[in-house]
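Tertiary structure, described
One letter stands for each residue in the lines below.
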Amino acid sequence: MPASNKFGITKKQANGIDCFYLEGYLDAHTAPQLESAFQESIDAGNYKILVNFRDLDYISSAGLGVFMAFIEDIRNENGDIKLTSMQDKVFSVFDLLGFPMLFDIEVNEINAIEKFLSKNSNDLSK
Amino acid sequence: MPSVLKDIISKLKLNYSSYRIVTLFAIVLFSFAKIALDITFFSINENFFLTFNLWHYISEIVLFASFVSYQFTLARINRNLEHNQISIIFNKRLKGLLFHFAIYWTFSVLLGIISDLTRDPDLSILLLYDIKLVYSMIVIGNLCRFIIDWILYFRTPSTKKYLTFIAIHIVIASSGLFVIEMLNTSSYDTINLITGLFTIVLVISVFSMPRKNSWIASLSYKKKLLLIFYMLMISFFMMSDLTLEILNMSYDRDILYFKAPISYSVLNIISLSILVFFLRIILSTLAAWPTTKIVAKKNIELESLSTLNRFVVETLNKSPEKIIITASQIARQMTNAHSAWTEIYSKELPKQIAYSFNISQKNLTYIQNYTHFTKHFFNCQDTTLIDSIADNDYLYPISDTITYAKSMIILPLYSGLERLGTCILLKDTEYAFESEDISILNTLSQNLSIALQNASLIQDSIQKEKYKSEMLLAQNIQRNLLPKEDLTTNEFSISAFTEPAQEVGGDYYDLVYLSDNTPCLLIADVSGKGISAAIIMSQMKGAVQAISPLSDSVADLMKKLNKTLFGTIGRKNFITVAGLSFKPDGTINFVRAGHSPILVTSDGKTKKYMPKGLGIGLTGSSLFDKNLDEVELKLNFNDNVLLITDGINEVSNEKNQQFGYNQLIEILEFKNLNSAIEINKQIKSKIEAFSADDAHIDDMTVISLIYRKNTNV
């Protein structure tokens, strides 16, 4: 049984991207923490969100729901939520649901940041 | 009451009270008879002197014995009465006795004067003496009864022994006195000595008789004073009556035969005992005098404690605000404060006034306007005594408005650790509160905290009960959403079970029929758990019922489901579904919409199938439909298929390991299992053996299916 009290979010900002580092267990009890973290970024007008899963050990369906809740609004604002550095068992949960078809899931952070940046320059060039 | 008498009573079938009435009747009758006979003897001839005297003695003894025994039958006191109740009763009776003694004494004095004046005794004086005699017996009898009541109420284990001892001594001493009196001489030294000796022993034993006099200490000054006053007055009347008699006797021997000789013996001895008895009580009362104030304070404390305990019990089902008001009232009464108010804090200051006593709303509003001042109250963590308001400058809002207020107590009110409010108590003189007030208020504050917590616990449990019964209803409804009939067909042995983690859950399974009547099994898991998941699950059930007859294939059913449910179940929610249609020839078609893998065991080998597919409700039709793959397989006899929700493979043990798929595959590949029910039984027992505890954290659902030869052919 996952210990639902063990969950943490660390937020960093790099190149105008809000990077969230998750650790522990993301489930129905801890999902609201991530939700309010995303909400804060959106309220601040930051629509480029990167979520690093390196230290996340478990994700439940309620945890997945958080990403679904925000992705539409964020993409409408020309932003994105990119997911990176997942452990295999966490990735398999995303995979089972078909998330790779909905989200940009990168192996590492640099790829994700590059994608954000290149999209930026694309936008500028347009 | 002698046992012979008891026998007679029982034979006569008289009960106690009728016996008492008969006795009283006999006494009254005998009293009149005595008076009548006295008069007759007196008027017939004075030469009957000896007979007259003899009659006098005998009648007196009989009269006295019957009076006293009658009074003893009345001597019953309820020992269950509390001390303060009994002190009221005894005081009342002492008052009555004193009244009678006063009348009796006045009567005696007047009679003494009259008999002094009329040197020559006549009939009327004799009559008056007889009346006086009867009255004296009534009064002494009453007094005896009072004392017996007193002794019995405060009885100790040795009281009975003492009473017997005293009674014997009274009989002997009074007999001695009687003999001395009869012989009318002081030359019989032996009798004098014996009588004197017995009298001394009597006095000592009455004085030292053990009784619980400690309760006297608990009486107030006023009650003690009254007790002493009554006893002193009665003693005075008794003693002066004796003196009168002796004085009378000394100068008027002639009148002797008018007097009751018993008065000199039995009555005197009894009076003496009573005097000693009173003396002892008066001394005990005086000894307890200096502690009266302390005891009174202790009594108030005790009363307060019982009030406080009652408070906790009586406020069990009241609202927190009412409990606080009750506590404030108690605080004011206990400290006897002249004015008081209680403010309750909500999340933001300023707060509301829950209770006020003897303070105008205008003044309260004025004080409340001084926020620094109310903040000061809020910051008081403990009960704070301010002996002089004038000495504390910052308290000017109070001295400005409530001019008579000179001292105050600030009493913070808590529920557990949560600060709820403050009660302010005011008095009109400096140093008017006592340190005991603080300790009482502290106890009150603790009890208030307990009372509030109890009340909230009770509220919670009522809510919980309500919630529980609602949940049971919901559970029933949800059970009815699942197929009730046997799923097994001619060619397929099918069995399913579901176990929600809470009363209701988000797992779902069903058997539906597509447009071409092909049976189709569905297993689904709504994201999240509990009520929210259950509501979405029932939404899904409705959609499935409506859509399945319109669907050509299991994939078509999924696509239509997603189209219907996307956007209606909330952005955060989604449903993972696996659908499997099967035909009698063993052909199965299945899709997986974000759901756990489908296990197919064919020829003893199990394969996990994970065709492409997004969860329902995650995305719109274009993306969903494009990414949904359907698998078609042809089963052989005894091949089986297992559909599960992730609650099964994610069951974990103490070491936080997951149940996984391997144990499931083992069961599926075990050849001897030839019914779906048996497979499910095996899965259940393996999970039970594996899991850490009985309560699983996620809903669990299993559908197993075995393709078999048509048993009906």
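Residues numbered from 1 in each chain as written. Chains lettered and ligands numbered in written order. Predicted model: local features only at pLDDT ≥ 70, side-chain atom pairs only at ≥ 80, totals over all residues. Heavy atoms only, no water.

On to the overall build of chain B. Scanning chain B from N- to C-terminus turns up 22 helices and 15 strands. Of the roughly 35300 Å² that chain B leaves accessible, carbon and sulfur atoms contribute 60%. (Helix = DSSP H or I, 4+ residues; strand = E, 2+ residues; numbered from the N terminus. Areas by Shrake-Rupley, 256 points an atom, 1.4 Å probe, with all protein chains shown as cover.)

Let us now look at the confidence of the model for chain B. Residues and elements named next belong to chain B. Across chain B, pLDDT averages 83, with 89% of residues at or above 70. Mean pLDDT in chain B bottoms out at helix 1 (residues 3–12), which sits at 58, and peaks at strand 10 (residues 587–593), which reaches 96. Residue range residues 249–258 is modelled with pLDDT below 50. Its contacts to residues more than four positions away, or to other chains, number 21 contacts. Here the predicted complex carries an ipTM of 0.86, next to a pTM of 0.55. (pLDDT = per-residue confidence, 0-100. Contact = heavy atoms within 4.5 Å.)

All names here are of chain B. Taken together, the five strands give an open sheet; going across it, the order is 6-15-14-11-12, and neighbouring strands pair in antiparallel fashion. Edge positions in the sheet fall to strand 6 (492–499) and strand 12 (605–609), since each of these pairs with one other strand and no more. Here the strands of the sheet are splayed against their neighbours by 15° on average, with no regard to which way each runs. Bridge count for strand 6 against strand 15 (residues 700–707) is eight bridges, and the pairing is antiparallel. Looking at strand 15, one finds that glutamate 499 is bridged to methionine 700. Contacts from helix 21 (residues 662–669) reach strand 11 (598–602), strand 12 and strand 14 (640–644), with the element oriented near 35° to strand 11. Most of the contacts of helix 22 (residues 676–690) go to strand 6, to which it runs at about 30°, and overall it touches strand 6, strand 14 and strand 15. (Pairing = 2+ DSSP bridges. Axes fitted to C-alpha atoms, helices over the stretch in contact; angles between N-to-C directions.)

Once that is clear, we can look at the pattern of salt bridges. Pairing between side chains of opposite charge can happen when the charged atoms of each approach one another. Considering all chains together, one arrives at 14 salt bridges over all chains under this definition. Between aspartate 149 of chain B and arginine 93 of chain B there is a salt bridge, with the nearest N and O atoms lying 2.6 Å from each other. With aspartate 149 of chain B in helix 5 (residues 123–153) and arginine 93 of chain B in helix 4 (residues 83–117), the pair connects residues that are 56 residues apart, well separated along the chain. We classify aspartate 149 of chain B as buried; its relative accessible area is 0%. What you see here is one network of salt bridges that share partners, running through Arg75, Asp80, Lys82, Asp104, Glu106 and Lys115 of chain A. (Salt bridge = Lys/Arg side-chain N within 4 Å of Asp/Glu carboxyl O. Buried < 20%, exposed > 50% of the residue type's maximum accessible area, 1.4 Å probe, protein only.)

Glancing now at the layout of surface pockets. To find leftover empty space, a probe the size of one water molecule is rolled over the atoms. In this structure, the second largest pocket occupies an estimated 1100 Å³ of space. Those elements that place two or more of their residues in the lining of the second largest pocket are strand 3 (48–59), helix 2 (61–76) and helix 3 (88–97) of chain A together with strand 8 (519–526) and helix 20 (646–649) of chain B. With six residues, the top contributor of residues to the lining of the second largest pocket is helix 3 of chain A. The residue makeup of the lining of the second largest pocket, split by class, is 19 nonpolar, 15 polar and nine charged. (1 Å grid on protein atoms, 1.4 Å probe; cavity = no way out; pocket = protein on both sides within 12 Å on 5 of 7 lines; lining within 4 Å. Points joined across faces, edges and corners; volume = space filled by probe spheres on them. Nonpolar A, V, L, I, M, F, W, Y, C, P; charged D, E, K, R; others polar.)

Before going further, it helps to spend a moment on the interface of chain B and chain A. Taken residue by residue, the interface counts 24 residues in chain B and 19 residues in chain A. Summed over both partners, the interface of chain B with chain A buries about 1800 Å², with 61% contributed by carbon and sulfur atoms. It is Arg571, Lys572 and Leu618 of chain B that lose the most area in chain B upon contact with chain A, and together they represent 34% of the buried surface on that side. In this structure, the connection of chain B to chain A is made through two salt bridges. One salt bridge in this structure joins aspartate 73 of chain A and arginine 571 of chain B, with 3.1 Å as the shortest N-O distance. Residues of the side of chain B that touches chain A, tallied by class, amount to seven nonpolar, twelve polar and five charged. (Buried area = accessible area lost by both parts, 1.4 Å probe.)

Counting residues in each nonpolar core, the largest one holds 88 residues, and the members touching the most others are Phe38, Phe53, Phe67, Ile81, Phe94 and Phe99 of chain A together with Ile575 of chain B. Looking at which element gives the most residues to this core, the answer is helix 2 of chain A, with eight residues. Dropping the residues within four chain positions of it, isoleucine 575 of chain B is found in contact with Ala524, Asp525, Val526, Ile536, Met540, Leu565, Ile569, Ala593, Gly615 and Ile616 of chain B. (Core = buried A, V, L, I, M, F, W, Y, C linked by side-chain atoms within 4.5 Å.)

What follows is about the sheet that holds strand 3 (residues 384–386) of chain B. Residue and element names in this part refer to chain B. In spatial order, the strands read 2-1-5-4-3; together these five strands make up an open sheet with antiparallel pairing. A strand with exactly one partner marks an edge of an open sheet, and here the two such strands are strand 2 (352–357) and strand 3. With direction set aside, neighbouring strand axes in the sheet form an average angle of 15°. Pairing analysis gives nine bridges linking strand 4 (residues 407–415) to strand 5 (residues 418–427), with the strands arranged antiparallel. Opposite isoleucine 409, over in strand 5, you have leucine 425 as the bridge partner. The sheet strands contacting helix 14 (residues 371–379) are strand 1 (339–344), strand 4 and strand 5, and the helix crosses strand 5 at an angle near 110°. Helix 16 (residues 435–481) rests against strand 3, strand 4 and strand 5 of the sheet, and its axis sits at about 25° to strand 4.

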